[in-house]
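Okay, here's what each chain looks like letter by letter:
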Amino acid sequence: MSTIAAISTPNAAGGIAVIRISGENAVAVAEKIFKPVGKKAVSEMSGYTCAYGFACDGDERLDDCILTIFKAPHSYTGEDTAEISCHGGLYVSKRILRAALNNGAENAGAGEFTKRAFLNGKIDLTRAEAVMDIISAKGERELKMAENLREGAAFKKAKKISESLLKILGDLAAWADYPEEDIPEVDPLHLTAELECVERELELLVKNYDSGRIIREGISTVIVGKPNVGKSTLFNCLSGCKRSIVTDIAGTTRDVIEESVRLGDVTLCLADTAGIRETSDIIEGMGVDIARKKLDDADLVIAVFDGGCPLTEDDFDIINKIKNKKSIAVINKSDVEQRLDADKIAEKNIQIVYLSAKENDGIDMLRQAIEKEFQLNEIDFDNISAANERQKKCIDSSLKCVRDVIIAIKSGELLDAVTVLIDEAEQFLLELTGEKTTDAVVDEVFSRFCVGK
């Protein structure tokens, strides 16, 4: 493979910047652009050693910096790697990168360093994906889950299930291919029991996926309610700025306004919607239809009610729509005389939070209610083993194959006929870990990475 180079630190001024060079000619490229202060040449440096010197472009001295050498295979990529740490100015770091490119290196693509680590057997595909999750983690839970996956949680569980399927395939192959040998016949009942164990393991991975998705991507949350109950005020309060227009005129919000907000240790992918009511206004009616669609699709519904007014038919319509969803009833305007009968909401087993969005009072109670609704404090990070849709698709496909095999065996199908399905189930798990996958899948995974990682 070619020798690649990129700036691995953010595209902003800082204390230091790191230019990473990787490939079979990495040390040679580094030697052309780095002049050590000491007498030892760059080509003579051992792995995991540093040298102080100057980055140069021809005869022009660019900056004083530190060169670190990593020798294959004991590097992140599994290749010879050189890293130049210079002062963190945008111009100087780009000049040093340009010098590397002028002396034999090529521009690295998105995620190409981690991609090479995968291709060189340093990490599996699930661990590679976890690297980007660590970079994008916004809080303790996201980081803990990403670290767990980088340590191999997904790989280990998938590997264990894959080995169970391989054992079953081995038993079936031995029995079918060597009939003259004294090999016990495969008992369909015993085979079904083994496959049902595999089925339960795969179901557990699917069950824990939603917890992982919510931690990684945030909770898709929609704020609903009839007009003028304070939805937009609450939205602005949570987002920390005036994103939604707030007036006393009913029907002000007509489109969906979205914002990703942080509430304690929880990320909400928040949407403010038009007030839900019957209306003859065509434009407002379109907004109401969008609000109802958002309500159906969201992970969480925050239904806002005006505590200073009795419940209306529009309120009861919303209550009936959210009673079977993950939802929280926010009784807003807690700073005024309360005329709302909260028991009518509580009897639908909906959590209730009293707050005043205008006074920014009670938001912490809302955070606690969200954590309780999703049991975020009870999540077992050791059992979260699917972090994205690619991984879940592999697990779902494997699970479907296993279920089809169980149905086929119970229907009296010959064991020879189900072997193909068992093998297919095992292949999907190999695709999950990257042990057997296509170039297109690998390219798609690493296209989501930043350049330099």
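Residues numbered from 1 in each chain as written. Predicted model: local features only at pLDDT ≥ 70, side-chain atom pairs only at ≥ 80, totals over all residues. Heavy atoms only, no water.

For the rest of this paragraph, the subject is the overall build of the chain. Scanning the chain from N- to C-terminus turns up 16 helices and 13 strands. With 453 residues in all, the chain has 49% of them scored as buried. Sequence-distant contacts, at least 24 apart, represent 66% of the contacts inside the chain between residues at least 6 apart. Accessible surface computed for the chain: about 22100 Å², of which carbon and sulfur atoms make up 50%. (Helix = DSSP H or I, 4+ residues; strand = E, 2+ residues; numbered from the N terminus. Buried < 20%, exposed > 50% of the residue type's maximum accessible area, 1.4 Å probe, protein only. Contact = heavy atoms within 4.5 Å. Areas by Shrake-Rupley, 256 points an atom, 1.4 Å probe, with all protein chains shown as cover.)

This part is about the pairing of strand β5 (residues 60-70). Note that strand β4 (residues 49-57) and β5 share nine bridges and pair antiparallel. Bridged to Asp57 within β5 is Glu60. What sits between β4 and β5 in their antiparallel hairpin is a turn of two residues, with Gly58 showing a positive phi close to 70°. Relative to strand β6 (residues 81-88), β5 is paired through five bridges, and the arrangement is antiparallel. By the bridge assignment for β6, Ile66 is matched with Ser85. (Pairing = 2+ DSSP bridges.)

So, on to the sheet that holds strand β12 (residues 327-332). Hydrogen bonds between backbone groups are what pair the strands of a sheet, and the pairing can be parallel or antiparallel. Ordered in space as β9-β10-β8-β11-β12-β13, the six strands form an open sheet in which the pairing is mixed. At either end of the open sheet lies a strand with only one pairing partner, and these are β9 (257-263) and β13 (351-354). Neighbour to neighbour, the strand axes of the sheet diverge by 25° on average, direction disregarded. Looking at chain direction, strand β11 (residues 300-306) and β12 are connected through six bridges and run parallel. Bridging across to β12, Val301 finds its partner in Ser327. Contacting β8 (219-224), β9, β10 (266-272), β11 and β12, helix α9 (residues 231-239) runs over the sheet at an angle of about 50° to β9. (Axes fitted to C-alpha atoms, helices over the stretch in contact; angles between N-to-C directions.)

This brings us to the pattern of salt bridges. In this structure the tally under the stated criterion is 19 salt bridges. Its salt-bridge partner being Asp57, residue Arg95 comes within 3.4 Å of it at the nearest N-O pair. Here the residue Arg95 occupies a position in helix α2 (residues 90-102), and Asp57 occupies one in strand β4, the gap between them amounting to 38 residues. Overall, the relative accessible area of 8% leaves Arg95 in the buried class. Glu371 is paired through a salt bridge with Arg367; the nearest N and O atoms lie 3.3 Å apart. You can see Glu371 and its partner Arg367 sitting in helix α13 (residues 363-373), four residues apart, about one turn around the helix. Residues joined by salt bridges that share partners form a network here, namely Asp57, Glu60 and Arg95. (Salt bridge = Lys/Arg side-chain N within 4 Å of Asp/Glu carboxyl O.)

The end-to-end C-alpha separation of α2 is 18 Å, in line with the 18 Å expected for 13 residues at 1.5 Å each. Of the residues making up α2, those classed as buried are Val92, Ser93, Arg95, Ile96, Leu97, Ala99 and Ala100. Positive phi shows up at Gly104, right after α2, with a value of about 115°. (Expected span 1.5 Å × (residues − 1).)

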